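# Structural features, examined
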Amino acid sequence: MTLACLPQTQCPLQRQVSLAEFTTLGVGGSAEWLVEPRTVAELQAAYTWAQAQELPITVLGAGSNLLVSDRGVPGLVISTKHLRYLKSDLETGQLTVGAGYPLPRLAHHVAKLGWHGLEWMVGIPGTVGGAVVMNAGAHGGCAAERLVSAVILEPDGTLAVVSARELGYAYRTSCLQETQRLVLQATWQLEPGHDPAQVKAATQKHLSDRLRTQPYDFPNCGSVFRNPPAQTAGWLIEQTGLKGYQIGRAQVSEKHANFILNCGGATAMDVYRLIRHVQRAVADRWSVWLHPEVKLIGDFA
C-alpha cells in the first residue's frame, strides 16, 4: 500500500509490502516500509527519512541470497534493483556499474565487448551490490578479484569511495556485512582486446555448466552453505543421505544438495527448519558445522 512519497522526492513510500516477490525463494513476510529508489538522491532521502523515524534499514538487491522471516521485517526495506546504470571505458577496460545491475546481464555485456574477467558471473542470480558485499564467486572467480573500488553510502548519508583493499575481503565475505553501509556502485578493471567470440563462448560454457549441475526448476536462494575447508558443502550433505529430504514444502535438491527448493507453498520457517536439520545431521556424521551463505533477515525464534 502506497501512502506517500519520500520527502522532496517522487519515490513512493509503501507500507506492509510482501517481500516474497522480492526474493528468489519466493517466501517471507511483509516489509513495514518499502522504497525502490532510482537515483542516489532518492537513496539518500530514504536513509534520512529512516533515521528521522528511528527505523532500522534493510537493503535488498535481487534477493537471491536471502531468507526473509514469515514475520516480516520491521523498519525500512530499500530495494536497489532500479540502480542499473553502466559505464564502459573502452580505452582502459574499466567498468563502472550501479548496485542494482544483474550479474548475468553484466557478464553478457562485457563478453560482447571482448573483455575478459567476469565470465564467472553469468549464472549467479544476484546484483552488483550484493556481489560486492558478499564477495560472490563461481568457477574460480570472485567479485574481489578485479574490483578497483566501490562507492558506499555511509549511515550518516554521506558518500565514500573505498578501494577493494579496504573492504576486508575473504571467502564469501567482506567488512560490509552486518553494517548499515550500502554499496551504490562498483568499478572493475577488466582485460579488453580479446576476441568477443571466445569470451562469449567461455561465458556460455559457465552458464551451461551451472544449468546442468544446479537446480533451476524451482525457486531457490542459490547455494545455502559456505564450503568448509576440506570438502564442499554439497558433497557432505549428499553423503549424509539428505538429497530429497523435505520439511513442509521445502526440499534439499535432488540435483545439487547445497540448494534448498521451494516446491510450491513453502514458508520461510520450512526453509529455516530444513537448514537447521541439515546442519545437525552433517555435524553428527562428519563433525563439521556448515555455516550458512544465505543471509537470514527478520525473526526466526
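### Thoughts on unusual backbone geometry
Even without being glycine, Arg-172 reaches a positive phi, approximately 55 degrees. Exposure remark for Arg-172: the relative accessible area of 14% places this residue in the buried category. The residue Glu-178 is not glycine, and still its phi comes out positive at about 60 degrees. As for its placement among the helices and strands, Glu-178 is situated in the loop between strand S12 (159-163) and strand S13 (182-189). A relative accessible area of 68% means that Glu-178 is categorised as exposed.

### Here's the deal with the nonpolar core
The biggest cluster of nonpolar side chains holds 32 residues, and the ones touching the most others in it are Leu-95, Leu-106, Leu-118, Met-121, Val-128, Val-132 and Trp-188. Listing elements by their share of this core, those giving two or more residues are strand S8 (94-98), helix H2 (103-113), helix H3 (128-134), strand S11 (147-153) and S13. Here Val-132 is in contact with Ala-143, Leu-147, Ala-150, Leu-167, Tyr-169, Ser-174, Leu-176, Val-183, Ala-186 and Trp-188, once residues within four sequence places are set aside. Ranked by size, the runner-up nonpolar core spans 27 residues in total, among them Ile-247, Ala-250, Ala-268 and Phe-300.

### Considerations on the sheet that holds strand S15 (residues 250-252)
An order of S14-S15-S16 is seen for the three strands of this open sheet, with the pairing classed as antiparallel. Sheet topology places strand S14 (246-247) and strand S16 (260-262) at the edges, where each strand pairs with a single neighbour. Sheet analysis places S15 next to S16, joined by three bridges and oriented antiparallel. Counted as the bridge partner of Gln-251 is Leu-261 from S16. Set on the sheet, helix H6 (residues 268-286) makes contact with S14, S15 and S16; between it and S15 the angle comes to about 30 degrees.

### Description of the packing of aromatic side chains
For any pair of aromatic rings, the description rests on two quantities: the centre-to-centre distance and the angle between the ring planes. Tallied over the full model, the rule gives three aromatic pairs. On the numbers, 5.3 Å between centres and 75 degrees between planes, the contact of Trp-33 with Trp-49 is edge-to-face. Taken together, the residues Trp-33 in strand S3 (residues 30-35) and Trp-49 in helix H1 (residues 40-52) connect sequence positions 16 residues apart. A residue is classified by how much of its surface remains accessible, and Trp-33, at 14% relative accessible area, is buried. A cation over a ring is seen here: Arg-105 above Tyr-101, with NZ or CZ 5.9 Å from the ring centre.

Analysis parameters
Numbering of residues starts from 1 in each chain and follows the order in which that chain's sequence is written. Given that the model is predicted, a residue must reach a pLDDT of at least 70 before its local features are reported, and side-chain atom pairs must reach 80 or more before they are shown or counted; all residues, however, enter totals for whole chains, interfaces and linings. To get the side-chain values, all heavy atoms of the structure are used, and hydrogens and water are removed first. Per-residue accessibility, obtained with a 1.4 Å probe over protein chains only, is compared with the maximum for each type, and a residue is labelled buried under 20%, exposed over 50%, and partly exposed between these values. To qualify as a helix, a DSSP run of H or I must reach at least 4 residues; to qualify as a strand, a run of E must reach at least 2; elements of each kind are numbered from the N terminus. Residues enter a nonpolar core if they are buried and are Ala, Val, Leu, Ile, Met, Phe, Trp, Tyr or Cys, with the set joined through side-chain atoms within 4.5 Å. Should any heavy atoms of two residues lie within 4.5 Å, those residues are counted as being in contact. By this definition, two strands are paired if DSSP reports at least two bridges between them. Helix axes use the C-alpha atoms of the stretch in contact, all axes being lines fitted to C-alpha atoms, and the angles between their N-to-C directions lie in the range 0 to 180 degrees. The pairing test for Phe, Tyr and Trp rings, Trp by its six-membered ring, is centres within 6.5 Å, and the orientation test on the planes gives stacked under 30 degrees, edge-to-face over 60, and tilted for anything in between. When the NZ atom of lysine or the CZ atom of arginine is within 6 Å of a ring's centre and also within 35 degrees of its normal, the charge is said to sit over that ring.

Just geometry here; none of it tells us what the structure is for.
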